[in-house]
Amino acid sequence: MATQQSRSAARLMMAPAVILLLGWMLVPLTMTLWFSFRKYLPLRGGDLGWAGFDNYTRFIGSSAFWPSVQATLVIVGGVLIITIVLGIILALLLDQPMWGQGIVRILVIAPFFVMPTVSALVWKNMFMDPVNGLFAYVWKFFGATPVEWLSQASMQSIVMIVSWQWLPFATLILLTAVQSLDSEQLEAAEMDGASFMSRFWYLILPHLARAITIVVLIQTIFLLSIFAEIFVTTGGAFGTKTLSYLIFQRVLESQNVGLGSAGGVYAIILANIVAIFLMRIVGKNLDA
Amino acid sequence: MGSITLKKVSKSFGDVEVIPPLDLEINDGEFVVFVGPSGCGKSTLLRLIAGLEDLTSGAIEIDGSDATDATPAKRGLAMVFQSYALYPHMSVRKNINFPLKMAGMDPAEANKRIDAAAKVLNLTDYLDRRPGQLSGGQRQRVAIGRAIVREPSAFLFDEPLSNLDAALRVNMRLEICDLHKTLATTMIYVTHDQVEAMTMADKIVVLHDGYIEQVGSPLELYESPVNKFVAGFIGSPKMNFVSGASAKKRDADSIGIRPEHLTVSADAGEWEGIVGVSEHLGSDTFLHVKLSDGSMINVRASGELKAAYGQKIFLSPQEDKVHRFDAQGLTI
Ligand SMILES: Nc1ncnc2c1ncn2[C@@H]1O[C@H](COP(=O)(O)OP(=O)(O)O)[C@@H](O)[C@H]1O
Ligand SMILES: [Mg+2]
């Protein structure tokens, strides 16, 4: 796009897309901001006028707020650690030549295609049910008392379910990265006397850095807003109420749109803090 | 210390036998070149010696002790790969340091060796750069540096110069030869380029479809090739092969004569032909001559030779330089 003319033509052609995207983003954002300053109770009188910063102080002052932030961060952190560690191991295993490679790879990817609601239901009823669940059978088989997963180990259970869903994504991205590693480099390291662990630490891990960064960034965006898994399993009870679930409760269960919107603004701020934090620690991997 | 003995070594990938059983003796301090056309198994043979591939059968001895099942690291050999295989996220210093670090060497001693190697290879100014910031020739030198600091008992090179441009290739060739003279360590060098083989080797191993065709010094291969394949592969431009009456006259199925062993004459000679393209290099003149029976003969005359396109000339082979082959292509 060298000439003046082609530049302005390009701008003109891009305009519709840019305007559409801006509107897409700006309209809900403005509406959220607008409602967050109103006292708006749909079933109890509707829009009751300006509320100032009332909604903000009430939302943050509620006893559920800080635990919900903590729950959100624990789920995001837990799932990230599990998916990346297991993802790397799986990627290294899947990269080995083996019989039935194609089918195994498809099976590994499969959980990603299951809808979150469905997978949460399957986990809840088939695996974690304390009476009929598969885990309960295993526990009973060994003579132990079945664990009531969703109430006794609710946080771990949700992290497990969400990790199961996101593991394929992490594995897929990491597998392509593992496959792009030059095999002569590994052979050179082998001749240099590097053990498998040294090769992993000095060659494979640095090579995977960029892929890990991408997995962390993309998963964080989606994990901050997980909802269906919590709705279906614990309904926000037993300390699994995340920020997005708290907002849902304020808006739909308490029918307080103003309060929920203020929560939405806090969620945006939290997401940005996490994003900036992540960019700081891992973003430099994307420059190289 | 760096003698290597291959005993009945063979290698198959699945059903395909890439290296049929072969024996080879490599003496301490020798510069051995494996040469042959692409796909003839040179890299495979080198990787068998390095321990990067398992033998299908046979045994490998290094310095007199059996190394058939030893891991690559245990064999004490260093390899320079065609793609250089440098570690991209490490500086040049860390790349060269890597084998020393893996061996658990004291950092002070390691730094001394790195600095010495960097000096020999003209890398001192680049020690803090990443491989991505170096030119092809410099990367090649880093790969060599990484090999020499280990003080291996033998170096293995797999077509190390094929990614460099022609001028650099000639330079690096000299540097590697120089290195061999100073270190006096065994080197095994793989190439498909017979010029590299002829200029560098103490001993050339000519491979063809996994078989060793001939082993010998460059001059032995040039002067007395054992068969037609070696005769045609070694020497540039290629040897001319002639069959028919001229071969019958000399009691052979076919005869070979190198381009530099033909005498050109304007009025008399054994073969009559028409000059095609001629290449004037100043020091030499290459003529492509079409004989009356349609076959092409390359002629190399030293100095400048005036020959016009389409001109009729006569060629005669120098009798003592004629190679005679039987129907199987073996030298008589
Ligand atoms: N890992 C492998 N699996 C199957 N065939 C191979 C493998 N490596 C090499 N080959 C085959 O072995 C033959 C020799 O290969 P190579 O040693 O790389 O030849 P060169 O280095 O002389 O060009 C080729 O025909 C190649 O296709
Ligand atoms: Mg090769």
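Just above, that's the structure.
Residues numbered from 1 in each chain as written. Chains lettered and ligands numbered in written order. Predicted model: local features only at pLDDT ≥ 70, side-chain atom pairs only at ≥ 80, totals over all residues. Heavy atoms only, no water.

Caption draft 1: Representation of the overall build of chain B. Helix and strand counts for chain B stand at 9 helices and 18 strands. Each principal axis of the C-alpha distribution contributes one length, and for chain B these read about 75 × 45 × 35 Å. A buried classification covers 51% of the 332 residues belonging to chain B. Sequence separation of at least 24 residues holds for 64% of the intrachain contacts in chain B that already meet a minimum separation of 6. Across chain B, the 35 positively charged side chains and the 43 negatively charged ones have centroids separated by 5 Å. (Helix = DSSP H or I, 4+ residues; strand = E, 2+ residues; numbered from the N terminus. Buried < 20%, exposed > 50% of the residue type's maximum accessible area, 1.4 Å probe, protein only. Contact = heavy atoms within 4.5 Å. Lys, Arg positive; Asp, Glu negative; His and termini not counted. Charge placed at Lys NZ, Arg CZ, Asp CG, Glu CD.)

Caption draft 2: Seen up close, the interface of chain A and chain B. Tallying the contact residues gives 15 residues for chain A and 22 residues for chain B. Each partner contributes to the roughly 1700 Å² buried at the junction of chain A and chain B, and carbon and sulfur atoms together form 62% of this total. The largest contributions to the chain A side of the interface with chain B come from Met 191, Asp 192 and Tyr 202 of chain A, which together make up 44% of the buried area. Here chain A is connected to chain B by 3 salt bridges. Between chain A and chain B we count 8 residue pairs in polar contact (both at pLDDT 80 or more) in total. Per-element tally for the side of chain A that touches chain B: the top contributor is helix α9 (residues 183-191) of chain A, with 7 residues. Residue composition of the side of chain A that touches chain B, grouped by class: 7 nonpolar, 3 polar and 5 charged. (Buried area = accessible area lost by both parts, 1.4 Å probe. Salt bridge = Lys/Arg side-chain N within 4 Å of Asp/Glu carboxyl O. Polar contact = N/O pair within 3.5 Å; in protein donor to acceptor, adjacent residues only side chain to side chain. Nonpolar A, V, L, I, M, F, W, Y, C, P; charged D, E, K, R; others polar.)

Caption draft 3: Region of interest: the site of ligand 1. Residue and element names in this part refer to chain B. The environment of ligand 1 is formed by Phe 13, Val 18, Ser 38, Gly 39, Cys 40, Gly 41, Lys 42, Ser 43 and Thr 44. Gly 41 places a polar main-chain atom, nitrogen or oxygen, 3.1 Å from an oxygen atom of ligand 1. Within the side chain of Thr 44, a nitrogen or oxygen atom sits 2.5 Å from an oxygen atom of ligand 1. Bound to the protein, ligand 1 loses 55% of the 560 Å² it would expose on its own. If one sorts the elements of the shell around ligand 1 by residue count, helix α1 (residues 42-50) sits on top with 3 residues. Taken together, the residues that form the shell around ligand 1 break down as 3 nonpolar, 5 polar and 1 charged. (Near = heavy atom within 4 Å. Areas by Shrake-Rupley, 256 points an atom, 1.4 Å probe, with all protein chains shown as cover.)

Caption draft 4: Highlighting the sheet that holds strand β2 (residues 16-26) of chain B. Residues and elements named next belong to chain B. One open sheet accounts for 4 strands, arranged β2-β1-β4-β5; its pairing is antiparallel. Strand pairing shows two members of the sheet lacking a second neighbour, β2 and β5 (65-66), which therefore form its edges. The sheet contact formed by strand β1 (residues 4-13) and β2 spans 7 bridges and is antiparallel. In the sheet register, Ser 12 faces β2, and the bridge partner there is Glu 17. α1 contacts β1, β2 and β4 (57-62) of the sheet and is inclined by roughly 120° relative to β1. (Pairing = 2+ DSSP bridges. Axes fitted to C-alpha atoms, helices over the stretch in contact; angles between N-to-C directions.)

Caption draft 5: Summary view of the packing of aromatic side chains. Residue and element names in this part refer to chain A. Enumeration over the complete set of coordinates arrives at 34 aromatic pairs over all chains. Here the aromatic rings of Trp 123 and Phe 127 are separated by 4.9 Å at their centres, their planes lie at 40°, and the arrangement is tilted. Taken together, the residues span about one helical turn, with Trp 123 and Phe 127 both in helix α5 (residues 116-127) at a distance of 4 residues. Assessed through its relative accessible area of 10%, Trp 123 is described here as buried. (Phe/Tyr/Trp six-rings, centres within 6.5 Å; stacked < 30°, edge-to-face > 60°.)

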